[in-house]
Amino acid sequence: MARFLSNTEKSIGKIPGELIFLGKRKSDVIIKLIDYDVKDFLEKELSTIEEALTLKANDSVTWLNLYGLHDTSVIKEIGEKFEIHPLALEDILNTGQRPKMEEYENNLFFSLKMFQINKSENMITSVQISIILGENYLITFQEEAGEVFEPVRKRIRKNKGRVRKNGAGYLVYALLDTIIDNYLVVIGSLGEEIEEFESEVLTNPNKDTLGKIYSFKQEVSYLRKSIRPTKDFIVKLNRIDSDYIQDEALPFLKDLLDLTIQASEATDIYNEILSDQLEMYNSGMNNRLNEIMKVLTIFSVIFIPLTFIAGIYGTNFEYIPELKYRYGYFIFWGVLVITAILMLGFFKRKKWL
Amino acid sequence: MARFLSNTEKSIGKIPGELIFLGKRKSDVIIKLIDYDVKDFLEKELSTIEEALTLKANDSVTWLNLYGLHDTSVIKEIGEKFEIHPLALEDILNTGQRPKMEEYENNLFFSLKMFQINKSENMITSVQISIILGENYLITFQEEAGEVFEPVRKRIRKNKGRVRKNGAGYLVYALLDTIIDNYLVVIGSLGEEIEEFESEVLTNPNKDTLGKIYSFKQEVSYLRKSIRPTKDFIVKLNRIDSDYIQDEALPFLKDLLDLTIQASEATDIYNEILSDQLEMYNSGMNNRLNEIMKVLTIFSVIFIPLTFIAGIYGTNFEYIPELKYRYGYFIFWGVLVITAILMLGFFKRKKWL
Amino acid sequence: MARFLSNTEKSIGKIPGELIFLGKRKSDVIIKLIDYDVKDFLEKELSTIEEALTLKANDSVTWLNLYGLHDTSVIKEIGEKFEIHPLALEDILNTGQRPKMEEYENNLFFSLKMFQINKSENMITSVQISIILGENYLITFQEEAGEVFEPVRKRIRKNKGRVRKNGAGYLVYALLDTIIDNYLVVIGSLGEEIEEFESEVLTNPNKDTLGKIYSFKQEVSYLRKSIRPTKDFIVKLNRIDSDYIQDEALPFLKDLLDLTIQASEATDIYNEILSDQLEMYNSGMNNRLNEIMKVLTIFSVIFIPLTFIAGIYGTNFEYIPELKYRYGYFIFWGVLVITAILMLGFFKRKKWL
Amino acid sequence: MARFLSNTEKSIGKIPGELIFLGKRKSDVIIKLIDYDVKDFLEKELSTIEEALTLKANDSVTWLNLYGLHDTSVIKEIGEKFEIHPLALEDILNTGQRPKMEEYENNLFFSLKMFQINKSENMITSVQISIILGENYLITFQEEAGEVFEPVRKRIRKNKGRVRKNGAGYLVYALLDTIIDNYLVVIGSLGEEIEEFESEVLTNPNKDTLGKIYSFKQEVSYLRKSIRPTKDFIVKLNRIDSDYIQDEALPFLKDLLDLTIQASEATDIYNEILSDQLEMYNSGMNNRLNEIMKVLTIFSVIFIPLTFIAGIYGTNFEYIPELKYRYGYFIFWGVLVITAILMLGFFKRKKWL
Amino acid sequence: MARFLSNTEKSIGKIPGELIFLGKRKSDVIIKLIDYDVKDFLEKELSTIEEALTLKANDSVTWLNLYGLHDTSVIKEIGEKFEIHPLALEDILNTGQRPKMEEYENNLFFSLKMFQINKSENMITSVQISIILGENYLITFQEEAGEVFEPVRKRIRKNKGRVRKNGAGYLVYALLDTIIDNYLVVIGSLGEEIEEFESEVLTNPNKDTLGKIYSFKQEVSYLRKSIRPTKDFIVKLNRIDSDYIQDEALPFLKDLLDLTIQASEATDIYNEILSDQLEMYNSGMNNRLNEIMKVLTIFSVIFIPLTFIAGIYGTNFEYIPELKYRYGYFIFWGVLVITAILMLGFFKRKKWL
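Parameters at a glance
Residues numbered from 1 in each chain as written. Chains lettered and ligands numbered in written order. Predicted model: local features only at pLDDT ≥ 70, side-chain atom pairs only at ≥ 80, totals over all residues. Helix = DSSP H or I, 4+ residues; strand = E, 2+ residues; numbered from the N terminus. Buried ≥ 20, exposed ≤ 12 C-beta atoms within 10 Å, placed from the backbone. Contact = placed C-beta atoms within 7 Å. Pairing = 2+ DSSP bridges. Axes fitted to C-alpha atoms, helices over the stretch in contact; angles between N-to-C directions. Domains from an automatic or database assignment. Least-squares fit on C-alpha atoms with pLDDT ≥ 70 in both. Parallel < 35°, antiparallel > 145°, perpendicular 65-115°, else oblique. Left-handed = near helix turned anticlockwise from the far one by under 90°. Nonpolar A, V, L, I, M, F, W, Y, C, P; charged D, E, K, R; others polar. pLDDT = per-residue confidence, 0-100.

A. Fine view of the overall build of chain A. Of the regular secondary structure elements, chain A holds 9 helices and 7 strands. In terms of overall dimensions, chain A has C-alpha extents of about 120 × 45 × 30 Å along its principal axes. Counting over 353 residues, chain A shows a buried share of 47%. Contacts in chain A between residues far apart in sequence, at least 24 positions, make up 70% of those at least 6 positions apart.

Structure follows, in structure tokens:
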């Protein structure tokens, strides 16, 4: 399957706005609810969406976390209850969606990627996270149950930091911050591998080096593909004037932009470094070839004339005066040694030795 | 013929606005009509354009589908009846037209490409589709009869999705969506081939590999050439304030932009991947050369001195003391073996073995 | 002479606004006049500028075509009579002028290039065409008599197309359209050669291939150098609000922009294709080197040990037991054949055979 | 550790706005105060922040210089006393912060890097400097005590230049000017090394050359990574309309922009020069390979036929007429010499000699 | 010294606005004055600045030309008398200043470079020219006496062209025009060399070719470094609305922009051409290597088997039947010839011959 453009087969002939899950079933449907304000806090697992609606009516912030996207009826119900635009619902179900933010009449929609380092295959994979931000509620959609947002939940539970004191706009910041922090971690970890790889490339290049550089390049491309559009919508997020984002959250969004730019720049730098490494590798291999050819040439150039001289005195001509000399054999050796020394001198002068 | 700039020969000396068909005759002229509103639906093949005009006067959406462009009189008649600008008519007939959207007084004109994968020649070809969007009518022009828009027609017939409930602006979206979905499918299919090709490039590069990379590059270029201007006009389409596009259609157009950007980015990524693959191929071939030269050098460097030594004792000097030794031959063998071992040690130290 | 920056020597120390012809004398001065409106048409060769002035006063469109620029007094006279800005006159005489459009108080000035394919030298050359567009007159300046605008003249004579029905603004469009159509023809013809060249590069690269790619690159650069600034001023032309360009001409100017963009994109694509071809050429040459070295290595590696073995039994040691064996010579042959087979097996395993 | 993206490990799971020092403890906490106006000047080391607050209330400019960031309680106290936004405090403590300027309600925040050339490791390192600019005070935060701002302090002490005559806005300019001057010095010093390296690359390329080019490239990348965002915020600084920057300081900020652009352009140029050097290196190595192969080929091609001829007359056929000739041996030598001369002539014609 | 970033050492620790000459003393201080209006003209060498001030008060245009910058007291005095901003004075003295234009309250400041071709070292050098344009005066600062502006002075003296009829704004245009004309001359001359170099690269590449391409690249980079910022400020100059630039001068400034863009584009084109030449050079060297290896391989592959066969019949086995044949020697020769012919056929089929 094309890793850089997924889900294309399934989406053909689909009616726009039709709800079809385009990913793989990864998890049962679980709906978790957190409801809080500065004073109160409630956390429970829901079996029906109805329960959430009564809480949504309050002033408290209601955070609905949905795991598992294959049951489109649940998605549809949430869509209707929370007045989510059909295109947003469609994007939630299309797990190959390009990261984006969309302003709809009743809420803001975010779609972005969370990266995971797949150690066994030495590959970075991604899962899609969709967020709906409304007046005083927030809904997150994930393909499978995961611990991604656990730190934020902890802060809410323990009332640490600013999260309980602020509205849903701050909560969306906290979630985005968690995701983009994760980008920096993944890039940092990949970057460390790439920077360490430098010494292999420069001092001990071998056959596998090439494949590794190529696969590093693919990973960096894979990251850039998601980080660039994320950066674009964070820029947009800093400029829009939405009711759902409270003024207190604004400086934090600026900080978020800063992080995203840093992530984006880092991928660019690592891309450049990999290109440099490839060039170094190629130059290194060329140097090795030079080295190999030098050895071949030096040996050949020294011994070929010697062998030729030996060949001459191996001929069976009836009259070869040198063969009769008393010290012919030793003179012969002398000629060989002198020839060899002359050749060595030639290479010395050429600075090949 | 220049694949990347076609129809240039025929257009020379043409009077601007003169209607000359610049493509190849591919199909008889067929005119199909679909007329619908939320309640009613009519589908028939027309023999005269007149029939369409009475329907156009109604509030219902009238969709005229014309196959075959070689009969310029038909095009001219439609142009007059539907008040299409002469330049739009000219662009419809020029099958090498660059994708674009143009606002005219009485309608919007779209020209874009539909891709087809020509399996036999392993090449992507394109056909041109032109669309005229007016008050409550839409005319599509195609070079030959095809099933491209069949899914949309089905939805209209069966009243599935939103298409019957919305105006001509939504219908144009549905058609553009079909075309751009096709882009993603074609890119996805090409991309899959390219991604799978990676293993051939890395593990088993051969002569044909080069030609394949080059032809992949050409295909990606060919796609980009059409997708880039398409993206440009979809951006423009999202910004214009046209009477022919109803407000309900706007979020769908945004979604379309999203798809087009995704298509455009994917071609960029595959272009980069192909450049990487070419670099990998070259590096791989260099490694092979190194490998070959190493084998040659090792064999030469080991045997050249041995052959030289054998040559010495093949000389016919009268007095070569070694030849007379009792175990001369065996000592000779000993020298050969030791020399060979020294050479092997030399290569071992150089890490060539 | 520097082909990519011409006329620099002559312009040194020139007083700005001073009229010095910076090209080569290519033609005698000829002044042709065409004067027309919807009904009437007049065509003649003028001997004095005065004749044109009386016609200019009418409502009819007056088109003055001047061939030959070396007689600066004629240029000066026209400049005075038609109130042309001194800088425009200077640009008309500087045949190395960068394509541009300039708005002056009394008229619009256009300077652009017409390409010609010089078949004998296999090189694209260009001649400069300058156009002055005023209220109801148009003056074109060319270095030498040529058929460039003949198709437009024909259309005026025979009253074909829109040209006679529209003002001078449409005429300038018709001329620009002729020139830019010529760009597409030249690019198309070059592009065809480049695309056909692909098979030579891929299947039969040789020494001349390199020089051809380089010269193609130069030609594409040469085209881009003129087409880019032309595109820039056509963009500008679409935005300005000039009295001399009538409203009816506006959609045609948009169409012109479209053509220019197409020309510009095509040069970009062919530039990329040439870079790809060069890469393919290099990779192909590397493959050939690999091939050559493989042949050398296989032959050397097989025969070097065999020659060594033969060398051993060519030595003149007194006691070499093998030499005395009854079937020594045949055993010797057996050893040679087995050694050769082992070597062939070695290459088979390495997949070199 | 990833040099191009630091501190990522520690920041995981951090609550936004939580104050955690993300660098290494490099210095004890020292707080130095300078307070001045045109007439008066005061300099002392503080043990409590309180002392500064009374001075801040005056019209004089108060400059607080803090060394050592590990004691977050001090930072927190300063933050509270001077009303610094929590995100600014967080950025001060994150020593891997991307250079930036941020406008907060009560002050402007700057974060930037100071470069140091680490001679022993031949590497450029950087330390972070954060600046808070308020109404009539300025606070600088540094990881460790250093002489960076000593020249500015001297000028204040001796009342040299404009610094005492202007407000805190001019002081921030003076500090930024010192830092960016340092960029130019570091780039200039690196640039000189790179330009001098040119002769090694062109005349005496060797194995280490490659590693040096790579490490130069890394250093230039490292500089660009900090200089680019610095340039961005200096551009922004020239456009904002802040109360804390007095009008007299504006032309100086323009000058600062000029310096930053110069720094940024210089890194771009050196990056290009390094790419050129790498290309030259590769081309040079290829030339050497050509040279080596030429020597091998010339020797082989001359001696291989000679050895063959000698081999023929070394055969033991019973009847070889040449062997019996009186002057057979000398004719044989003649043939050898003629063959060698023919070969030399062949190479002469090929211009290999 | 770093050629691409100069004067960095001296500027360290400099107080902003402090006047220190950062170049080398190249000339004694000479002050020349030209004062003119349409009717009158005065030219003399001044010993004091005072003289100029009385003339400045008149309506005539006063042009002060200062050669030699090492005497900062003179600069300071001019600065005070003509109310030049301290930062402008500083930039005048910093001969490594990046080209720029700055608007100050009382005048416009221009800093730009004049190129000189240093024939002996085959290098382009530059000198800095600073211009102050005020109400009706203009001051030029040059490092050393030179003939740069002589053509303009001649035109003023002889009242040729427009210069005497227009104000100081036109004079500044005339000077800038002279400088930028010089850019085109220098680029044209370098470009010619580069274009002529093409034939060496393609037909006779040798070791020096590489160094020449590199040095051409450096020269082009050196030119671009100054021309780009010059273009930037000429763009700015065309947009500002300054009192010191009279309306009549505006079309001339546009023309200037045109020239600068042409200069800038030409450097870009020559940069590309040089990159192409380097690629051609590398490809050409690879072809030569192929050629060399082919010669080696053909000779080796033909003679190695022949030598082996000869070796066989050189062995001393007691019983080698072939040796006894009557025509053994001639059959042996036949085998050799047939083997050689087979090898030649093999190469013929491979198209190596």
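B. The sheet that holds strand 6 (residues 123-133) of chain E, seen in detail. Residues and elements named next belong to chain E. As summarised here, the arrangement of the 7 strands in space is 2-1-3-7-6-5-4, forming an open sheet in which the pairing is mixed. Both outer strands of the open sheet, strand 2 (41-46) and strand 4 (100-103), are each paired with one neighbouring strand and no more. Pairs of neighbouring strands in the sheet enclose a mean axial angle of 15°, with direction left out of account. Here 11 bridges tie strand 5 (residues 108-118) to strand 6, and the two strands are oriented antiparallel to one another. Residue Phe110 lies in a different strand from strand 6, and its bridge partner there is Ile131. Running over the sheet, helix 1 (residues 50-57) touches strand 1 (30-36), strand 2, strand 3 (61-67) and strand 7 (137-142) and is turned about 155° from strand 3.

C. A look at the interface of chain C and chain E. Contact residues are listed per partner, giving 50 residues for chain C and 54 residues for chain E. Within the residue set of the side of chain C that touches chain E, elements represented by two or more residues are strand 4 (100-103), helix 6 (207-239), helix 7 (250-312), helix 8 (321-324) and helix 9 (328-349) of chain C. With 17 residues, the single largest contributor to the side of chain C that touches chain E is helix 7 of chain C.

D. Highlighting the domain arrangement of chain A. Under the domain assignment, chain A is made up of domain 1 (30-283) and domain 2 (285-349). For domain 1 of chain A versus domain 2 of chain A, the distance between C-alpha centres works out to 72 Å.

E. Expanded view of unusual backbone geometry. Unusually for a residue other than glycine, Glu83 of chain B sits at a positive phi of about 50°. The residue Glu83 of chain B is located in the loop between helix 2 (72-81) and helix 3 (86-93) in this model.

F. Structural context of helix 3 (residues 86-93) of chain C. Burial analysis of helix 3 of chain C places 6 of its 8 residues in the buried class, which makes it a mostly covered element. Every buried residue of helix 3 of chain C is accounted for by Ala88, Leu89, Glu90, Asp91, Ile92 and Leu93 of chain C.

G. Structural view of the relation of the copies chain C and chain E. Between the two copies, chain C and chain E, the superposition gives an RMSD of 0.1 Å; the rotation angle is 72° and the shift along the axis is 0.0 Å. When the rotation and shift are considered jointly, the pair of chain copies conforms to a five-fold rotation axis. Closest to the rotation axis within chain C is the C-alpha of Gly314 of chain C, separated from it by 4.6 Å.

H. The packing of helix 5 (residues 168-203) of chain C against helix 6 of chain C, seen in detail. Residues and elements named next belong to chain C. In the contact formed by helix 5 and helix 6, the axes pass within 11 Å of each other and the chain directions differ by 160°. The orientation of helix 5 with respect to helix 6, classified from their angle, is roughly antiparallel. Once helix 5 is placed against helix 6, the crossing between them reads as left-handed. Along the contact surface, helix 5 presents Tyr183, Val186, Ile187, Leu190, Ile194, Phe197, Glu200 and Val201, while helix 6 presents Thr209, Lys212, Phe216, Glu219, Leu223 and Ile227. The residue makeup of the contact of helix 5 with helix 6, split by class, is 10 nonpolar, 1 polar and 3 charged.

I. Up close: the packing of helix 5 (residues 168-203) of chain D against helix 7 (residues 250-312) of chain D. Residues and elements named next belong to chain D. Axis separation between helix 5 and helix 7 bottoms out at 9 Å; the angle between their running directions is 15°. For the element pair helix 5 / helix 7, the angle class is roughly parallel. Two packed elements cross with a definite hand, and for helix 5 against helix 7 that hand is left-handed. For the contact of helix 5 with helix 7, the residue count by class is 23 nonpolar, 6 polar and 2 charged.

J. Quick look at the sheet that holds strand 6 (residues 123-133) of chain D. All names here are of chain D. Taken together, 7 strands build an open sheet; the order of strands is 2-1-3-7-6-5-4 and the sheet is mixed. The sheet terminates laterally at strand 2 (41-46) and strand 4 (100-103), the two strands that pair on one side only. Each adjacent strand pair in this sheet contributes to an overall mean axis angle of 15°, direction not counted. As defined by bridge partners, strand 1 (residues 30-36) adjoins strand 3 (residues 61-67) across 7 bridges and the pair is classed as antiparallel. Paired with Tyr36 across the strands is Val61, a residue of strand 3.

K. Inspection of the environment of Ile30 of chain E at higher detail. Residue and element names in this part refer to chain E. The topology assignment puts Ile30 in strand 1. Sequence separation of Ile30 and Leu69 is 39 residues, and the distance between their C-alpha atoms is 9.6 Å. The contact partners of Ile30, leaving out residues within four places of it in the chain, are Glu45, Tyr67, Gly68 and Ala145.

L. Examining the confidence of the model for chain A more closely. All names here are of chain A. Residues at a pLDDT of 70 or more form 97% of chain A, whose mean pLDDT is 89. Mean pLDDT per element in chain A: helix 1 (residues 50-57) is the minimum at 79, and strand 7 (residues 137-142) is the maximum at 94. With pTM at 0.89, the complex prediction returns an ipTM value of 0.84.

M. Fine view of the pairing of strand 4 of chain D. Residues and elements named next belong to chain D. Here 4 bridges tie strand 4 to strand 5 (residues 108-118), and the two strands are oriented antiparallel to one another. Of the residues in strand 5, the one forming a bridge with Lys100 is Ser111. The hairpin formed by strand 4 and strand 5 contains 4 residues between the paired strands.

N. Focus on the pairing of strand 6 (residues 123-133) of chain B. All names here are of chain B. Hairpin remark: strand 5 (residues 108-118) followed by strand 6, antiparallel, with 4 residues in the connecting loop; positive phi at Asn122, about 55°. Bridge analysis of strand 6 against strand 7 (residues 137-142) gives 5 bridges, and the strand direction is antiparallel. Following the sheet pairing, Leu133 is matched in strand 7 by Leu138. Taking the residues between adjacent antiparallel strands as the criterion, strand 6 and strand 7 are bridged by 3 residues.

O. Region of interest: the environment of Arg162 of chain E. As for its placement among the helices and strands, Arg162 of chain E is situated in the loop between helix 4 (150-157) and helix 5 (168-203). With 18 C-beta atoms packed within 10 Å, Arg162 of chain E lands in the partly exposed category.

P. Focus on the environment of Asn159 of chain B. All names here are of chain B. Take Asn159: it is sitting in the loop between helix 4 (150-157) and helix 5 (168-203). You can call Asn159 partly exposed: it has 13 C-beta atoms within 10 Å. Sequence separation between Asn159 and Asp37 is 122 residues, and the spatial gap between their C-alpha atoms is 9.8 Å.

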